[in-house]
Amino acid sequence: MSADHDRARALGKELIDTHNWLRGELGRVARELDEHREGDTVRPLRELRGHCLAFCRALSAHHTNEDESAFPVLAQRFPELAPVLTELGDDHRLVADILTRMTALLADLTTENVTAVRNEITGLAAILESHFRWEERRITEALDQLSAAEFTASELFGTATQV
């Protein structure tokens, strides 16, 4: 197996690692919101709001990188993936709508609207899990065929950052 092939396979792994990081952060945000609603939190609303907004930015950046970098590269190299990439782009717009609603709620996060934010998180989690699994099944194989000398993981789909 060549070094290029090994490195290319790392792009698929990096995508999965990024998704796993986003899954973990979403779970953490959901737990923090639940703890706040139950009165078991030590995190002030201001910090909770900041963590939620940081997650929203990280997810948006990931999808933007995919839409602007990874998907065009994959579409060019693998035209048969066009329907899949279109579906994934549609999912990105659906997720963006949820993030817009969440951001509006977070602009004035209060004890009264924590439940509304948590409800948006529940819907987001369901959509993302389906989206991530579908993308991982369909895109990872194609990423494994790209020449890694041409692309970095952060160029194609963003790199997870601390939130």
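Our subject is the structure that appears above.
Let us look at the structure shown here. A quick note: this is a predicted structure, and the numbers were derived from the prediction, not measured.

## Points about the overall build of the protein chain
Consideration 1: Secondary structure summary: the protein chain contains 5 helices and 0 strands in total.
Consideration 2: Going from the N terminus to the C terminus, the protein chain shows its helices and strands as α-α-α-α-α.
Consideration 3: Counting contacts in the protein chain only where the partners sit at least 6 residues apart, residues at least 24 apart contribute 81% of the total.
Consideration 4: Summed over all atoms, the accessible surface of the protein chain reaches about 8,300 Å², with 52% contributed by carbon and sulfur.

## Description of the pattern of salt bridges
Consideration 1: Per the counting criterion, the structure on display carries 9 salt bridges.
Consideration 2: A salt bridge links Glu136 to Arg23; its shortest N-O distance comes to 3.2 Å. You can see Glu136 sitting in helix H4 (residues 114-143) and its partner Arg23 sitting in helix H1 (residues 3-37), a full 113 residues away along the chain.
Consideration 3: By relative accessible area, Glu136 is classed as buried at 16%.
Consideration 4: Relative accessible area serves as the criterion here: at 22%, Arg23 is assigned to the partly exposed category.
Consideration 5: With a shortest N-O distance of 2.4 Å, Arg93 and Asp90 are connected by a salt bridge. One end of the pair, Arg93, and the other, Asp90, are both in helix H3 (residues 82-106), 3 residues apart, so they sit about a helical turn from each other.

## What about the environment of Leu124?
Consideration 1: Considering the arrangement of structural elements, one finds Leu124 in helix H4.
Consideration 2: Its relative accessible area of 0% is what places Leu124 among the buried residues.
Consideration 3: Distance in space between the C-alpha atoms of Leu124 and Val95 is 6.8 Å, their sequence separation being 29 residues.
Consideration 4: Residues contacting Leu124, with those up to four places away along its chain left out, are Leu26, Phe55, Leu59, Val95, Ile98, Leu99 and Met102.

## Digging into H3
Consideration 1: Here H3 spans 35 Å end to end across 25 residues, near enough to the 36 Å set by a 1.5 Å rise per residue.
Consideration 2: Those residues of H3 not exposed but buried are Val84, Leu85, Leu88, Gly89, His92, Val95, Ile98, Leu99, Met102 and Leu106.
Consideration 3: Here the buried face of H3 lies against helix H2 (45-77) and H4.

## Details of the nonpolar core
Consideration 1: Leu33, Phe55, Leu59, Ile121, Leu124 and Leu128 are the most contacted members of the largest nonpolar core, which has 24 residues in total.
Consideration 2: Residue assignment for this core shows that the elements contributing at least two residues are H1, H2, H3 and H4.
Consideration 3: It is H2 that provides the largest number of residues to this core, a total of 7 residues.
Consideration 4: Look past the residues within four positions of Ile121 in its chain and what remains in contact with it is Leu26, Val29, Ala30, Leu33 and Met102.
Consideration 5: Residues Phe71, Leu74, Leu88 and Leu146 belong to the second largest nonpolar core, which totals 15 residues.

The rules behind each value
- Residues numbered from 1 in each chain as written.
- Predicted model: local features only at pLDDT ≥ 70, side-chain atom pairs only at ≥ 80, totals over all residues.
- Heavy atoms only, no water.
- Helix = DSSP H or I, 4+ residues; strand = E, 2+ residues; numbered from the N terminus.
- Contact = heavy atoms within 4.5 Å.
- Areas by Shrake-Rupley, 256 points an atom, 1.4 Å probe, with all protein chains shown as cover.
- Salt bridge = Lys/Arg side-chain N within 4 Å of Asp/Glu carboxyl O.
- Buried < 20%, exposed > 50% of the residue type's maximum accessible area, 1.4 Å probe, protein only.
- Expected span 1.5 Å × (residues − 1).
- Core = buried A, V, L, I, M, F, W, Y, C linked by side-chain atoms within 4.5 Å.

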